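Structure assessment
For reference, the chains in residue letters:
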Amino acid sequence: MNIIRIDDPADPRVATYLDIRERDLVGREGRFVAEGKVVLNVLFAARQFEAESVLVLENRLAGMAETLSLAPPDLPVYVAPAAVLDAIAGFHMHRGILAIGRKGNPPGAEALLAGLPERALVVVTVGISNHDNIGSIFRNAAALGADAVLLDRSCCDPLYRKAIRVSVGAALKVPFAIAGEAHEIADALDRHGFAQLALSPAGRQEIRELPRPQRLALYLGTEGEGLPPALLARLTTARIRMAKGFDSLNVAAASAIALHHFSDASD
């Protein structure tokens, strides 16, 4: 391992880690922050992303040996005491494990869809701006065998630090594309032969009544407003049956139920 000790928060070698929370909100010029041992394991195994460096709390380094063995041997591993690491990050980093990754050039929606297998399950998110929900949806997509996630342009960034952490690294593993407006996504899915199903409390059919088509795109909308009316009018709609007097679930929970029903992983 290429271990480099850092004793000064102003050391230019760790400049990309400065003020994590604030800089996450405005972007990192093609980079992202990965946090925690589990997420770093996924980052080092991911084919579409590359780690640029690691920053570790000095008393966590020994326990990171197995994880860091997965990284390129010349990857800079910066090691700092707690006070220095907290000053770099801008808040108390109780996990003490960070990495900077490069976003690279992810495929567009057309290229992503063209590369999917003949039998495929795609998740489509529309208007979801909550990073916890995006992270949870990616985690569910990975756990239940979805082949890809398409996000409309109004969704939050799945490579935001919190979204990656909540997804336990699934945002680095499940192929995704940010794909413009919702109607443009629907057009692209039509061209690639996908049946398209919108999940809504007002759905015309109960989800358990529906069979799994060979190629399926499952749409999820923001909590409260749900999916746009024009999209609901265009697509087949389905609901999850619930107890009397209650009509909706958190979108992440709803995604888990729907994906479990349609996923080959549940066969």
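The structure displayed is predicted, hence computed values, not measured ones. (Residues numbered from 1 in each chain as written. Predicted model: local features only at pLDDT ≥ 70, side-chain atom pairs only at ≥ 80, totals over all residues. Heavy atoms only, no water.)

Considerations on the side chain of Glu-52
Defined as follows: The helix count covers DSSP runs of H or I at least four residues long, the strand count covers runs of E at least two residues long, and both are numbered beginning at the N terminus. The rule is simple: take the accessible area with a 1.4 Å probe, protein chains only, and divide by the maximum for that residue type; under 20% is buried, over 50% is exposed, in between is partly exposed. Any pair of N or O atoms that falls within 3.5 Å is considered a polar contact. Within protein, one atom must be able to donate a hydrogen and the other to accept it, and sequence-neighbouring residues count only if both atoms are side-chain atoms. Between two residues, a contact is recorded if the distance between any of their heavy atoms is within 4.5 Å.
Within the secondary structure, Glu-52 is located in strand E3 (residues 50-57). Of the residues examined, Glu-52 reaches a relative accessible area of 17% and is grouped as buried. A polar contact of 2.8 Å, which involves the side chain of Glu-52, links it to the side chain of Arg-31. Within the local environment of Glu-52, its side chain forms a polar contact with the side chain of Arg-102, the two groups lying 3.0 Å apart. The contacts of Glu-52, once residues within four sequence positions are left out, are Thr-16, Arg-31, Leu-75, Pro-76, Ile-100, Gly-101 and Arg-102.

A word on the pairing of strand E5 (residues 97-102)
Short version of the rule: In this description, strands pair whenever DSSP reports at least two bridges between them.
With 5 of 6 residues buried, E5 lies mostly within the body of the structure. One ladder, built from 5 bridges, connects strand E2 (residues 31-35) with E5; its direction is antiparallel. Of the residues in E5, the one forming a bridge with Phe-32 is Gly-101. As paired strands, E3 and E5 are joined by 6 bridges and run antiparallel to one another. Counterpart to Val-54 in the pairing with E5 is Ala-99.

Focus on the sheet that holds strand E12 (residues 236-239)
Applied cut-off: Only the stretch in contact is used when a helix axis is fitted, and all axes are lines through C-alpha atoms; the angle between N-to-C directions ranges over 0 to 180 degrees.
Here we have 7 strands laid out as an open sheet, ordered E8-E7-E6-E11-E9-E12-E10, and parallel in their pairing. Because the sheet does not close on itself, it has two edges, and the strands there are strand E8 (176-178) and strand E10 (205-206). Sheet strands touched by helix H10 (residues 251-262): strand E6 (120-126), strand E9 (195-199) and strand E11 (215-221). Its angle to E11, the strand with the most contacts, is close to 165°.

What about the packing of helix H6 (residues 131-143) against H10?
Counted only if it meets this: Note on angle classes: values under 35 degrees are labelled roughly parallel, values over 145 roughly antiparallel, values of 65 to 115 roughly perpendicular, and the remainder oblique. Should the near helix be turned anticlockwise from the far one by less than a right angle, the crossing is left-handed, and should it be turned clockwise, the crossing is right-handed.
Orientation of H6 relative to H10, taken along the N-to-C sense of each, is 15°, at an axis distance of 9 Å. Judged by the angle between their axes, H6 and H10 are roughly parallel. Judged by the sense of rotation from one axis to the other, the crossing of H6 with H10 is right-handed. For the pair H6 and H10, contact is made by Asn-133, Ser-136, Ile-137, Asn-140 and Ala-141 and by Val-251, Ala-252, Ser-255, Ala-256 and Leu-259, respectively.

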